[in-house]
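A structural walkthrough
Chain by chain, the residues run as shown.
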There are 2 protein chains.
Amino acid sequence: MTIDTDALRNYFVRLQTDLVAALTTLEGPMGGAFRVDPWEKDPGASLAGHGRTAIIEGGRVFERGGVAFSSVNGAALPPAATARRPELAGRAFEAMGVSLVLHPENPYCPTAHMNVRALLARKEGAEPVWWFGGGMDLTPYYPFVDDIRHFHATCRDALRPFGDDVYQRYKQWCDEYFFLRHRNEPRGVGGVFFDDLDEGGFDRCFALTRAIGDAFATAYPPIVERRQHMPFGERERDFQAYRRGRYVEFNLVWDRGTLFGLQSGGRSESILMSLPPVVKWRYDWQPAPGTPEAAIYDLLAPRDWA
Amino acid sequence: MTIDTDALRNYFVRLQTDLVAALTTLEGPMGGAFRVDPWEKDPGASLAGHGRTAIIEGGRVFERGGVAFSSVNGAALPPAATARRPELAGRAFEAMGVSLVLHPENPYCPTAHMNVRALLARKEGAEPVWWFGGGMDLTPYYPFVDDIRHFHATCRDALRPFGDDVYQRYKQWCDEYFFLRHRNEPRGVGGVFFDDLDEGGFDRCFALTRAIGDAFATAYPPIVERRQHMPFGERERDFQAYRRGRYVEFNLVWDRGTLFGLQSGGRSESILMSLPPVVKWRYDWQPAPGTPEAAIYDLLAPRDWA
């Protein structure tokens, strides 16, 4: 079987362009702009590759955010990637995809994350092995049940053509993955997550991955449009900065993609574009019962949102 | 051989008390106070134990800081702790020690870290195995060569009674340990670091560990006294918040103690007292050449300070 790498690349590059355009529209004519930073890693490095990181900082809507396209390749799959598939150890590989993280300034707008990626492992004289991964998830600071329902319903609708149980399975996977074990606390209100996807063949899996990538523009911007003009003060900003600490803790302690990237010589600034612009830590802090800050904790427990 | 656990405990408890007293004196009569939070982990937990975390937040000098005593024990040493000593796998263990991290508000005062600890691994019918670990290191934001020299000279003097090459070896170990591999950048200007110490017998090793713990009050407070009244503005605070991001990245991605604690069910709030109060991330930011902010990067490269 021949893998059409160009089709993958074309999709990911177009998705990045479309997302940057949609988010720039959200910023509005008086808003901020994305800065596009193309980069290349020396082919001699342990992880070679290239990418385009689109970054916004200090925007009208987005205090910090990024949409990154990257394509990396290596002479041998690292052990972390072959733990579940030892027969692939030592294969040359190529990984490409788009990652997005958005931290709005307004604490009533949730933080969002989306990622779609493909991996190919090749060996001379053998069939190429491939799989897809991805998902999107939402991390609100204040409780708006309608926003969470809309986000999950969009994920559900995007996945419906691929099977009746797909959304449910990937939703559960998301709940399990974005979990801070050291705090026994979910990172946010979930969404969908999948990895190692090859079931049903290349065309189906690529289509499913595209469905997730394409759904983001329907899932998230309407939430920002609804919340971006809500007035907020120091109290809300402070709580947002505190909760963002959990985002940092998850990404740096538990997120396999981040750790794999940092430990294998990936491009730090592109990987760490996921970190929020301003973060606060405070010892053993708890919101007072009955406050809006306490309410978000109640919504973090996984439930049927769609 | 019988290990005098009480002597260890008494030392660590007294060290915590002394440090809190010295730092409270630094805060001054109009300054902040430490809040002492005793905690106990359920003996049924994977890691049982107790401790006293002394925390200061929003002090006159210290924006956030902690001095923690902890004593934990478990039925079996975790694999991470026996990688270099496989013969100890499965032994019951007891670990105790004092950890300190201080984040002053004034960006001209450096962040400091100190840790001293002892580990005992027991098995019925066998000699107990023990070792010590610890060290202290400095993370300045602005370049004051005198401060760095003083800190290192204090470490050197404290270790001199234990051998002519001890400071040099532990200094190098510190440079190697507190290193952000994903940025190819040292965390700070170093100090000393040691682990798995049992050479020369229990009494010598305990004395060496005490020498480090006791030296902190000579190594660090004089630096704060010198710098605490220097006027600063938003520019310096901003740079401090940016550089604190590196502190977070090191502690959450590379620090074995932090990761071991978080992954094995340690007490999160005590472990994460090391994280700064306010942190900022900014994409691919570099200080302009010739500025004081650029100067600190020149001092990060390891050199002979003492």
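Refer to the preceding data block for the structure.
Read on for a plain summary of the structure. The shown structure was predicted, so the numbers you read here are calculated from the model rather than taken from an experiment.

Quick look at the packing of helix 7 (residues 234-254) of chain A against helix 10 (residues 292-300) of chain A now. All names here are of chain A. Two numbers describe how helix 7 lies on helix 10: the axes approach to 11 Å, and their chain directions differ by 35 degrees. With respect to the hand of their crossing, helix 7 and helix 10 are arranged in right-handed fashion. Between helix 7 and helix 10, the residues in contact are R235, F239, Y242, R243 and R246 and P292, E293, I296, Y297 and L300, respectively. Its residues assigned to classes, the contact of helix 7 with helix 10 shows 6 nonpolar, no polar and 4 charged.

With 65 residues, the main nonpolar core has L8, F12, F132, M136, L208 and F216 of chain B as its most contacted residues. The leading source of residues in this core is helix 5 (residues 202-219) of chain B, at 10 residues. If we ignore the near neighbours within four places in the chain, the residues touching L8 of chain B are I3, M96, A118, L120, F132, F202 and F206 of chain B. M96, L100, F194 and L197 of chain A belong to the second largest nonpolar core, which has 64 residues in total.

What follows covers the side chain of T139 of chain A. Residue and element names in this part refer to chain A. By secondary structure assignment, the location of T139 is in strand 6 (residues 129-139). For T139, a relative accessible area of 5% gives the class buried. In contact with T139, other than residues within four places in its own chain, are P110, T111, R187, G188 and Y247.

It is worth spelling out the interface of chain A and chain B at this point. Across the contact, 32 residues belong to chain A and 32 residues belong to chain B. When the two sides are added together, the surface that chain A and chain B hide from each other amounts to roughly 2,900 Å², 58% of it contributed by carbon and sulfur. Per-residue buried area on chain A facing chain B is highest for E269, W281 and Y283 of chain A; these three make up 31% of the total on that side. Counting across the interface, chain A meets chain B through 3 salt bridges. A salt bridge links E269 of chain A to R183 of chain B; its shortest N-O distance comes to 2.8 Å. The leading source of residues in the side of chain A that touches chain B is helix 7 of chain A, at 6 residues. When its residues are assigned to classes, the side of chain A that touches chain B shows 16 nonpolar, 5 polar and 11 charged.

A separate point is the pairing of strand 6 of chain A. Residues and elements named next belong to chain A. By the criterion of burial, strand 6 is predominantly enclosed, with 10 of the 11 residues buried. Two elements, strand 5 (residues 111-122) and strand 6, share 11 bridges in a ladder whose sense is antiparallel. The partner of M114 across the bridge, within strand 6, is M136. The loop that links strand 5 with its antiparallel partner strand 6 comprises 6 residues; one of these, G125, has a positive phi angle of about 80 degrees. As paired strands, strand 6 and strand 9 (residues 190-197) are joined by 6 bridges and run antiparallel to one another. Across the sheet, the residue bridging to L138 is G190, located in strand 9.

Criteria and cut-off values
Residues numbered from 1 in each chain as written. Chains lettered and ligands numbered in written order. Predicted model: local features only at pLDDT ≥ 70, side-chain atom pairs only at ≥ 80, totals over all residues. Heavy atoms only, no water. Axes fitted to C-alpha atoms, helices over the stretch in contact; angles between N-to-C directions. Helix = DSSP H or I, 4+ residues; strand = E, 2+ residues; numbered from the N terminus. Left-handed = near helix turned anticlockwise from the far one by under 90°. Contact = heavy atoms within 4.5 Å. Nonpolar A, V, L, I, M, F, W, Y, C, P; charged D, E, K, R; others polar. Core = buried A, V, L, I, M, F, W, Y, C linked by side-chain atoms within 4.5 Å. Buried < 20%, exposed > 50% of the residue type's maximum accessible area, 1.4 Å probe, protein only. Buried area = accessible area lost by both parts, 1.4 Å probe. Salt bridge = Lys/Arg side-chain N within 4 Å of Asp/Glu carboxyl O. Pairing = 2+ DSSP bridges.

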